[in-house]
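# Secondary and tertiary structure notes
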Amino acid sequence: MTTSVWNGAGRRIELCDVGLRDGLQMEAQFVPTEDKIALVNALSHAGLSKIEVTSFTSPTAIPALRDAEVVMREIERRPGVTYTALVPNARGAERAIESRTDELNLVMSVSETHNLANLRMTRAQSFAALAQVITMAQAAQVPVNVSLSCVFGCPMEGDVALDAVWEHVQRFADLGVAGITLCDTTGMAFPTQVGQVVAAARARWPGMAFTLHFHNTRGMGLANVLAAIDVGAQRFDASLGGLGGCPYAPGATGNVCTEEVVHALQLMGYDTGIDLPALIATAARLPALIGHEVPSQIVKAGCRLDLHPVPAGFDAIRERALAR
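Residues numbered from 1 in each chain as written. Predicted model: local features only at pLDDT ≥ 70, side-chain atom pairs only at ≥ 80, totals over all residues. Heavy atoms only, no water.

## With respect to the overall build of the chain
Scanning the chain for helices and strands turns up 14 helices and eight strands. For the chain, the C-alpha radius of gyration of 21 Å lies close to 20 Å, the compact-globule estimate for 324 residues. Structurally, the chain occupies a C-alpha span of about 80 × 45 × 40 Å along its principal axes. Looking at the chain as a whole, 52% of its 324 residues are labelled buried. The long-range share in the chain, meaning contacts at least 24 apart out of those at least 6 apart in sequence, stands at 74%. In the form shown here, the chain has an accessible surface area of approximately 14200 Å², with 54% of it arising from carbon and sulfur atoms. (Helix = DSSP H or I, 4+ residues; strand = E, 2+ residues; numbered from the N terminus. Rg over C-alpha atoms; globule rule 2.2 N^0.38 Å. Buried < 20%, exposed > 50% of the residue type's maximum accessible area, 1.4 Å probe, protein only. Contact = heavy atoms within 4.5 Å. Areas by Shrake-Rupley, 256 points an atom, 1.4 Å probe, with all protein chains shown as cover.)

Spelled out as structure tokens, the structure:
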């Protein structure tokens, strides 16, 4: 029996901020290396237990993250915080391990079409390449998480058969990965679907550390988070400022916004371990760095009880009302 989402009762929810990787990789404006480092450090101090710092992808493919080694080496390491990075292949794994990355995050899609479009490989080719990376990481005693894209739908194929999802979860579980992220890559998930998928995954692999990764493309991101929590999920990806998107899904917006998720969960009694004012202050730095506003409604509107002054002339208004 799980606690209702309407009463968190102090239950701990762990968040991994992916904005500095999933978000910044989509930005046209290069964020200076020292500012990336400062953002990671600010997230660490705000209480994030896990931060996806960067991606060890080819600098030619993702020039926005061409400073991956410098950022990962120069961030402040706080005890209890996991500093993870996306790793696409063996060369990326070598770079990440040499840069003292705490965890390697590997990605492939459960949709054949999306995997070919995104990674230029079949699913079989991706699995073989990632199995090699897992072997390398285990030899270096570095944990591995595998993010499975398009679990809740593919923008080119439509619904994805759960049998295909479970097949890949089992294959990676057999390789001894530390965790698996079920990704709503382009914001196609909806709450009842999320509840069914998450409940089934937890029942099949009770010892696996599952993370949920939702996008807010169709405005259901937070609802999907709550639906997953209601069936026992504890770990979620979220993006500072709500940054992000997907190059193979026109109109796709960023991940669920970290400060919006924290704001909602704290109001509902959940324990995120995060200093919300410090998190909001960090998100508020982003517009100046990327050259445009961020989707975050909390940055724009403030928290629920951030009150506003009464209108000018309010005392006179009150006096006139009382004199009637």
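Read on, since the account is not over.
## Notes on the pattern of salt bridges
This structure, assessed with the given rule, holds 13 salt bridges. As a salt-bridge pair, Glu14 and Arg12 come within 3.6 Å of each other at their nearest N and O atoms. For Glu14, a relative accessible area of 26% puts it in the partly exposed group. When its relative accessible area of 33% is taken as the criterion, Arg12 is described as partly exposed. (Salt bridge = Lys/Arg side-chain N within 4 Å of Asp/Glu carboxyl O.)

## Quick look at the packing of aromatic side chains
The geometry of an aromatic ring pair is captured by the separation of the ring centres together with the interplanar angle, meaning the angle of the planes. Tallied over the entire structure, the rule returns four aromatic pairs. Ring centres 6.4 Å apart and planes at 65° place the aromatic pair Trp205 and Phe210 in the edge-to-face group. The pair formed by Trp205 and Phe210 is uniform in burial state, with each residue classed as buried. Through pairs of rings, three or more aromatic residues link up here, namely Trp166, Trp205 and Phe210. One cation-aromatic arrangement involves Lys36 over Phe30; the distance from NZ or CZ to the ring centre is 3.9 Å. We note Arg66 situated over the ring of Phe30; from NZ or CZ to the ring centre the distance is 3.9 Å. (Phe/Tyr/Trp six-rings, centres within 6.5 Å; stacked < 30°, edge-to-face > 60°. Lys NZ or Arg CZ within 6 Å of the ring centre and 35° of its normal.)

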